[in-house]
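Listed here are the chains, written in short residue letters.
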Amino acid sequence: MKEKSLLRGHLLMLAASVMWGLMAPLGKDAMSHGISGLEMITFRVSGAALCFWIASFVLKLKGEPAHEERLTKKDYCGLLGAALFAIIFNQCNYIIGLSITSPLNASIMTTVMPIFTMVMAFIFLREPITWMKFGGVILGACGAATLILASANGAIGGGVLKGDLMCVAAQCSYSIYLTAFKGVIQKFSAVTCMKWMMTFATIIVLPFSAPQFLATDWSAIATGVWLDTLFVVFCGTFCAFLFSVTAQKVLRPTIVAMYNYMQPVVSCTASVLLGIGVLSWSHPVAIALIFTGVYLVNRSRAKGSN
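Within every chain, residues take consecutive numbers counted from 1 along the sequence as written. For a predicted model such as this one, the threshold for reporting local features is a pLDDT of at least 70, and the threshold for listing and counting side-chain atom pairs is 80 or more; totals across whole chains, interfaces and linings nevertheless cover every residue. Only hydrogens and water are set aside when side-chain values are computed; all heavy atoms of the structure are taken into account.

Turning our eyes to something else, we now look at the overall build of the protein. Elements are defined by DSSP. Helices are runs of H or I of four residues or more, strands are runs of E of two residues or more, and each kind is numbered from the N terminus. Per the secondary structure count, the protein includes 13 helices and 0 strands. The buried label goes to any residue with under 20% of its type's maximum accessible area, the exposed label to any with over 50%, and the partly exposed label to all in between, with areas taken from a 1.4 Å probe on protein chains only. Per-residue burial for the protein yields a buried fraction of 53% across its 306 residues. Long-range contacts, defined here as pairs at least 24 residues apart, represent 91% of the contacts in the protein between residues at least 6 apart. Note that accessible areas follow from Shrake-Rupley with a 1.4 Å probe, and for residues the cover is restricted to the protein chains shown. If you sum the accessible surface of the protein, you get close to 13,900 Å²; carbon and sulfur atoms cover 72% of it. By definition, residues are in contact when any of their heavy atoms lie within 4.5 Å.

See the structure below:
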């Protein structure tokens, strides 16, 4: 039974990583054709909050337990803190950073998250840093770097230092969320957790984005841009966060973070399938390195942990 639960967790994280990987190029396209970074963040958090409230209402109609009734003031504070690190600090830094740097540089910056998470798991959860775990994280980073650098033909360009640093800050913030708030996330259902986290995030973001929202000529936005934004909100936010939070209940933080390395694989593969990229030796090599790294981190488990 435990093996099935772990397999389900891995499959959910894989699905979430695919959605996040596709979100980077689609989100960049939308932000290059009329939607600002702050507006994209607002669409993400408010749209996802609405989706999670609807999902919660549907679950209640089906007779699911009302998890919200067991929330205490301490739980609300914990979910507020999780919202700050997983959504506000993470998404504000990443989306705005992506809007001013290149998707390539943003993808490179995401490779530092498993390293941050490994350190944070040691600090907050006392999860030991073994040689196997360390080697798995580095192996995965090498796989991601191989693919990213090959896709740029050996040249990293088009980025802005400020945007790159914001993307790094986003990864550090999410690492803190994965480790420091693991307890409150495991306590409640994924829908309950994300409903309140996205609601808190919306309340925080709206005062800053409202003036810009009111000043934007939305009629001038092309249909393709709206479709990109819809994917970012529903797939890249609602579904991806739902899957990742569910997986987070059974997988250790370092393993969850390792799936971050799948995002550049997905981005490059999508480019090949869409005819805007070319399949090269880097693809199978990178995938082999990344999955080997995930396997090593998964094997290097602390006694009594998942």
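Next comes the rest of the description.
It is worth spelling out the confidence of the model for the protein at this point. Per-residue confidence from the predictor is reported as pLDDT, a score between 0 and 100. Within the protein, residue pLDDT values average 80, and 78% of them lie at 70 or more. Helix α4 (residues 103–110) is the least confidently modelled element of the protein, averaging 66 in pLDDT, while helix α10 (residues 223–248) averages 92, the highest of any element. Here residues 154–158 is modelled with pLDDT under 50, and outside its nearest four sequence neighbours on either side it reaches 11 contacts, counting other chains as well.

Once that is clear, we can look at the packing of helix α1 (residues 2–31) against α10. Remark: α1 packs on α10, axes separated minimally by 8 Å, with the N-to-C direction vectors making an angle of 155 degrees. The angle between α1 and α10 falls in the class roughly antiparallel. The interaxial crossing formed by α1 with α10 has left-handed handedness. When residues are grouped by polarity, Ala, Val, Leu, Ile, Met, Phe, Trp, Tyr, Cys and Pro land in nonpolar, Asp, Glu, Lys and Arg in charged, and all others, Gly among them, in polar. The residue makeup of the contact of α1 with α10, split by class, is 19 nonpolar, 6 polar and 3 charged. Orientation is described by lines fitted to C-alpha atoms, with helices fitted over the stretch in contact, and by angles between N-to-C directions that extend from 0 to 180 degrees. Geometric relationships in this document are graded by angle, where less than 35 degrees denotes roughly parallel, more than 145 denotes roughly antiparallel, 65 to 115 denotes roughly perpendicular, and other angles denote oblique. If you view the pair so one helix is near and one far, a crossing is left-handed when the near helix is turned anticlockwise from the far one by less than a right angle, and right-handed when it is turned clockwise.

Two kinds of site are reported from a 1 Å grid over the protein atoms alone, namely cavities, where a 1.4 Å probe fits but cannot get out, and pockets, open sets with protein on both sides within 12 Å along at least five of seven lines, and residues are called lining when an atom falls within 4 Å of a point. Grid points are joined across faces, edges and corners, and a volume is the space filled by probe spheres set on the points. Estimated volume of the second largest pocket: approximately 200 Å³. Lining the second largest pocket are Ser5, Arg8, Gly9, Leu12, Ser189, Ala190, Val191, Leu242, Phe243, Thr246, Lys249 and Val250. Among the secondary structure elements, those contributing two or more residues to the lining of the second largest pocket are α1, α9 (190–215) and α10. It is α1 that provides the largest number of residues to the lining of the second largest pocket, a total of 4 residues.

What follows covers empty space enclosed by the protein. Applying the stated criterion across every chain, the model contains 3 cavities of 30 Å³ or more. Empty space within the largest cavity amounts to approximately 180 Å³. Trp20, Met23, Asn90, Gln91, Tyr94, Thr110, Met113, Gln171, Tyr174, Phe241, Asn260 and Gln263 together form the lining of the largest cavity. Put simply, the parts of the chain that give the lining of the largest cavity at least two residues each are α1, α3 (73–100) and α7 (161–180). Broken down by element, the residue count for the lining of the largest cavity peaks at 3 residues, all from α3. Approximately 50 Å³ is the volume attributed to the second largest cavity. Along its surface, the second largest cavity is lined by Met13, Ser17, Trp20, Met113, Tyr174, Val256, Ala257, Tyr259, Asn260 and Gln263. It is α1 that provides the largest number of residues to the lining of the second largest cavity, a total of 3 residues. Partitioned by chemical class, the residues of the lining of the second largest cavity number 7 nonpolar, 3 polar and no charged.

Turning our attention to the environment of Ile41. Tracing the backbone shows Ile41 in helix α2 (residues 37–61). On the accessibility criterion, Ile41 (1% relative accessible area) is buried. Among residues more than four places away in sequence, those in contact with Ile41 are Gln91, Cys92, Ile95, Ile96 and Val205.

Closest axis-to-axis distance for the α2/α9 pair is 7 Å, and the angle between their directions is 145 degrees. Crossing handedness for the pair α2 and α9: left-handed. Looking at the contact of α2 with α9, its residues break down into 19 nonpolar, 7 polar and 2 charged.

Quick look at a nonpolar patch on the surface now. A patch consists of residues whose relative accessible area exceeds 30% and which take part in no salt bridge; residues with like charges are grouped when within 9 Å of each other, and nonpolar side chains (Val, Leu, Ile, Met, Phe, Trp, Tyr) when within 5 Å. Here, a salt bridge means any side-chain nitrogen of Lys or Arg that lies within 4 Å of a carboxyl oxygen of Asp or Glu. A surface patch of nonpolar side chains, amounting to about 950 Å² of accessible area, comprises Ile115, Val119, Phe122, Ile123, Phe124, Leu125, Ile129, Trp131, Phe134 and Ile138. Counting only elements with at least two residues in the nonpolar patch, the list comes to α5 (113–125) and α6 (131–151). Residue contributions to the nonpolar patch peak at 6 residues, all from α5. Considering the arrangement of structural elements, one finds Leu125 in helix α5.

Only Phe, Tyr and Trp rings take part, Trp by its six-membered ring, and two of them pair if their centres are within 6.5 Å. Stacked means planes under 30 degrees apart, edge-to-face means over 60, and tilted covers everything else. Enumeration according to the criterion identifies 14 aromatic pairs in this entry. Here Tyr174 and Tyr177 contribute two aromatic rings whose centre-to-centre distance is 5.1 Å and whose plane-to-plane angle is 55 degrees, an arrangement assigned as tilted. Of this pair, Tyr174 and Tyr177 are both found in helix α7, 3 residues apart, which corresponds to roughly one turn of the helix. Tyr177 shares its class with Tyr174; the two are buried. Centre to centre, the rings of Phe213 and Trp218 are 5.0 Å apart; their planes meet at 45 degrees, and the pair counts as tilted. On the basis of relative accessibility, which here comes to 23%, the residue Phe213 falls in the partly exposed class.

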